[in-house]
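This is what each chain is made of:
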Amino acid sequence: MSAHKMIVTLFFLFLIGISGNICAQTFSSLPESERNAKLIEVAKYVYKNPRWKDFYREYGTPKIRSFVRKGRGEEGKDTRSNEGIDLGFLVYIVTFPYDETKESMEWGFAAEVYISDKGGFAYLIYLGNGMGYKTYEMNKNPVR
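Keep in mind the model is a prediction, meaning the values are calculated, not measured.

Undergrad: I'd like a rundown of the nonpolar core, residues and numbers included.
TA: General note: in soluble globular proteins, nonpolar side chains tend to be found buried as a group. Counting residues in hydrophobic clusters, the biggest one holds 22 residues, and the most contacted among them are Tyr47, Val94, Phe96, Val113, Ile115, Ile125 and Leu127. Sorting the residues of this core by element identifies helix 2 (32-47), strand 2 (90-96), strand 3 (111-116) and strand 4 (122-127) as the ones contributing at least two each. In terms of residue count, helix 2 provides more of this core than any other element does, 5 residues in total. Ignoring any residue separated from it by four or fewer positions in sequence, one finds isoleucine 125 in contact with Val46, Tyr47, Trp52, Ala111, Glu112, Val113, Met131, Gly132, Tyr133 and Thr135. Ranked by size, the runner-up nonpolar core spans 8 residues in total, among them Phe67, Ile93, Phe109 and Leu124.

Below, the structure is given as structure tokens:
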């Protein structure tokens, strides 16, 4: 192999390596204001699904919190399942409030959307009535 071909090959390998890192950007690698805006955008997209249009509320600013998924359930309190793509990784929860002077919901929020930092997608929504849905299985039954 000539030196010219080797340099070209190394250059293309370098480009492939860089493109993999660029595509693998996570929410946590973004500046806080940009990250929060993108998280809210993703959460609203899921929450505005026609399937739960009767539950959608546009009230106040959504709140964002995060945790590292250690097992099934928030912060690993339920250890029945220690599997999943997000195990050991950061998960964001976007909570949509509602006007408590006008209505009452079982769970103190209108909806909560769980978003994977690693995968960059929303995978679960809980509505204020206590029902939860896996967002990547929209046609399946609700989870509890």
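Having seen the model, we can carry on.
Undergrad: Describe the pairing of strand 2, with residues and values.
TA: Most of strand 2 sits out of view: 6 of its 7 residues are buried. Across 6 bridges, the pairing between strand 1 (residues 63-68) and strand 2 is antiparallel. Across the sheet, the residue bridging to isoleucine 64 is valine 94, located in strand 2. As defined by bridge partners, strand 2 adjoins strand 3 across 6 bridges and the pair is classed as antiparallel. Residue valine 91 lies in a different strand from strand 3, and its bridge partner there is serine 116.

Calculation criteria
- The numbers attached to residues start from 1 for each chain and follow its sequence in the written order.
- Local features in a predicted model are, by the rule used here, given only for residues with pLDDT of at least 70; side-chain atom pairs are given and counted only at 80 or more, and totals for whole chains, interfaces and linings are based on all residues.
- Computation of side-chain values covers all heavy atoms of the structure but excludes hydrogens and water.
- The definition of a nonpolar core used throughout is a set of buried Ala, Val, Leu, Ile, Met, Phe, Trp, Tyr and Cys residues joined through side-chain atoms within 4.5 Å.
- Accessibility here uses a 1.4 Å probe with only protein chains present; expressed as a share of the type maximum, an area under 20% marks a residue as buried, one over 50% as exposed, and anything in between as partly exposed.
- Secondary structure follows DSSP: runs of H or I at least 4 residues long count as helices, runs of E at least 2 residues long count as strands, and numbering of each begins at the N terminus.
- When checking whether two residues touch, look at their non-hydrogen atoms; a contact exists if any pair is within 4.5 Å.
- Two strands qualify as a pair provided DSSP detects at least 2 bridges between them.

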